[in-house]
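# Architecture and fold: a report
Here's the letter readout for the chains.
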Amino acid sequence: MSEPGVPKQQNKKCVVCGSYSEEGLLCFKHRTATKSLTEGYKYWKEAFNISFNEYLKEVRKRPETGVWVKEVIDYIVASNDLSIISE
């Protein structure tokens with residue numbers, strides 16, 4: 001069901017936070033965080049030879065990790081849904 005005043009094709013919600021999603025499964029902030037997370041994994045994997053799940057665990061506990069990235073990690077861990085990685 002569409003929200004009043006919002007065309008049906010634009011009534012998309014981010015799977016992480018429920019905010020408006022212009023395209024796909026993620027809002028702009030969580031799409032950006034997911035991109036940062038996947039880009040970072042390339043370097044961590046090469047440097048530390050760790051799995052993606054180990055990487056998520058390590059990044060999640062670091063104090064310098066941003067809130068949006070932590071929200072994406074929490075969503076992936078809770079739902080076991082890696083489909084947002086290809087967003």
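Scroll up for the structure.
Residues numbered from 1 in each chain as written. Predicted model: local features only at pLDDT ≥ 70, side-chain atom pairs only at ≥ 80, totals over all residues. Heavy atoms only, no water.

### Topic: helix α2 (residues 52–61)
The complete set of buried residues in α2 reads Phe-52, Tyr-55, Leu-56 and Val-59. All buried residues of α2 fall inside an arc of 100° around its axis, so they share one side. In α2, the exposed positions angled more than 90 degrees off the buried face are occupied by Asn-53, Lys-57 and Lys-61. Contacts from the buried residues of α2 go to α1 (28–48) and α3 (67–79). (Buried < 20%, exposed > 50% of the residue type's maximum accessible area, 1.4 Å probe, protein only. Helix = DSSP H or I, 4+ residues; strand = E, 2+ residues; numbered from the N terminus. Arc of directions from axis to C-beta. Contact = heavy atoms within 4.5 Å.)

### Regarding the packing of α1 against α2
As a packed pair, α1 and α2 sit with axes 11 Å apart at the nearest point and diverge in direction by 110°. Judged on the interaxial angle alone, α2 and α1 are roughly perpendicular. Judged by the sense of rotation from one axis to the other, the crossing of α1 with α2 is right-handed. Contacts from Ser-36, Leu-37, Gly-40, Tyr-41 and Trp-44 of α1 reach α2 at Phe-52, Tyr-55, Leu-56, Glu-58 and Val-59. Here the contact of α1 with α2 is built from residues that sort into 7 nonpolar, 2 polar and 1 charged. (Axes fitted to C-alpha atoms, helices over the stretch in contact; angles between N-to-C directions. Parallel < 35°, antiparallel > 145°, perpendicular 65-115°, else oblique. Left-handed = near helix turned anticlockwise from the far one by under 90°. Nonpolar A, V, L, I, M, F, W, Y, C, P; charged D, E, K, R; others polar.)

### Overview of the nonpolar core
Core analysis: the largest hydrophobic core is formed by 17 residues, its most contacted members being Leu-37, Tyr-55 and Leu-56. Taken together, the elements giving at least two residues each to this core come down to α1, α2 and α3. Counting residues per element, this core draws most heavily on α3, at 5 residues. Not counting residues up to four positions away in its chain, the partners in contact with Leu-37 are Tyr-55, Leu-56, Val-59, Val-69, Val-72 and Ile-73. (Core = buried A, V, L, I, M, F, W, Y, C linked by side-chain atoms within 4.5 Å.)

### Re the packing of aromatic side chains
Pairs of aromatic rings are described using the distance from one ring centre to the other and the angle between the two planes. Summed over the entire model, instances satisfying the criterion amount to 5 aromatic pairs. Between Tyr-41 and Tyr-55, the ring centres sit 5.1 Å apart and the planes meet at 45°, which makes this aromatic pair tilted. Here Tyr-55 lies in helix α2 and Tyr-41 lies in helix α1, a separation of 14 residues in the sequence. A relative accessible area of 15% places Tyr-41 in the buried class. On the accessibility criterion, Tyr-55 (3% relative accessible area) is buried. (Phe/Tyr/Trp six-rings, centres within 6.5 Å; stacked < 30°, edge-to-face > 60°.)

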